Every structure is written in structure tokens, then in C-alpha cells.
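Report on the structure
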Amino acid sequence: MPTVTFRGREIECEPDAILRDVLLDAGVSPHNGRANTLNCGGHGTCGTCAVEVEGAVSGTSARERRRLAFPPHDPEDGLRLSCRTTVLGDVTVRKHGGFWGQDVDRPD
């Protein structure tokens, strides 16, 4: 079973699980501050669940690329929407600062 490492926790999940669901089911959030309640619920439209991911995950979809190309995100930052990312193997996840997690140069 894949392991997701996030904020010092190791969370086991089923292969092909949606990263956002894995985090929320474990009681941790891929959102910052008010985005915990002000988000699209996993439809890939708001961008508040953007995270940095290292490890075995699915490729980006057209919807995800469109959302991450729209401010405040920058496609060059390499972020992923956790609601559009499927866990394929062990991954390490980092949430950056800012409402949308867009502040890649600033620690969370």
C-alpha cells in the first residue's frame, strides 16, 4: 500500500486513491485557513488544494493544467491539485503558504 507523507505524518492508502480524499480521511487538510471551508469540494475549479508532490502520482489532466495556469498560481511552480492527483505509490506532500497554497517561496 502506498504511503503519503504530509506534515510529519505517514498515511497509508489504497493505490489509485485521490490525494485530497486520503488527506481528509486522515484528518489533515490540503487547504490553508479559510480555504478549509471555502473550496470547491474536490471539483478542480478553485485551486485551493494545490500542493507540492514528490513521488508516484498520476499525470496532470487538462482541467488541472487550466486551473494551475490561472492566477494566483503559476504553472512553472510545479504544484498539483490534490483533488485531481491519484496516488500510485509512495509520495511526499508539502503545502505552501497563501490562501491557495501558491506561495512556493514562503514556508507554510
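Preceding this paragraph is the structure being described.
What counts and how
Residues numbered from 1 in each chain as written. Predicted model: local features only at pLDDT ≥ 70, side-chain atom pairs only at ≥ 80, totals over all residues. Heavy atoms only, no water. Helix = DSSP H or I, 4+ residues; strand = E, 2+ residues; numbered from the N terminus. Contact = heavy atoms within 4.5 Å. Areas by Shrake-Rupley, 256 points an atom, 1.4 Å probe, with all protein chains shown as cover. Lys, Arg positive; Asp, Glu negative; His and termini not counted. Charge placed at Lys NZ, Arg CZ, Asp CG, Glu CD. Core = buried A, V, L, I, M, F, W, Y, C linked by side-chain atoms within 4.5 Å. Buried < 20%, exposed > 50% of the residue type's maximum accessible area, 1.4 Å probe, protein only. Pairing = 2+ DSSP bridges.

Of the regular secondary structure elements, the chain holds two helices and six strands. For the chain, the N- to C-terminal ordering of α and β elements is β-β-β-α-β-α-β-β. Dimensions of the chain, computed from the C-alpha atoms along their principal axes, are close to 35 × 25 × 25 Å. Considering only contacts within the chain whose residues lie at least 6 apart along the sequence, 57% involve residues at least 24 apart. Total accessible area on the chain is roughly 5700 Å²; 48% of this is exposed by carbon and sulfur atoms. With 13 positive and 16 negative side-chain charges, the chain shows a separation of 9 Å between the mean positions of the two kinds.

This next bit is on the nonpolar core. Core analysis: the biggest nonpolar cluster contains 15 residues, and Val 4, Leu 19, Leu 23, Val 53, Val 91 and Val 93 have the highest contact counts within it. Elements represented by at least two residues in this core include exactly strand S1 (3–6), helix H1 (19–25), strand S4 (50–57) and strand S6 (86–94). With residues up to four places along the chain from it excluded, the contact list for Leu 23 reads Val 4, Phe 6, Ile 11, Val 28 and Pro 30. If you look at the next biggest cluster of nonpolar residues, it comprises six residues, including Cys 49, Leu 68, Leu 81 and Cys 83.

The next point concerns the pairing of S4. When S4 meets strand S5 (residues 80–81), the two strands line up antiparallel, connected through two bridges. Bridge pairing in S5 places Val 51 opposite Arg 80. Here S4 runs beside S6; their pairing, made up of five bridges, is antiparallel. When the bridges of S6 are listed, Gly 55 appears paired with Val 91.

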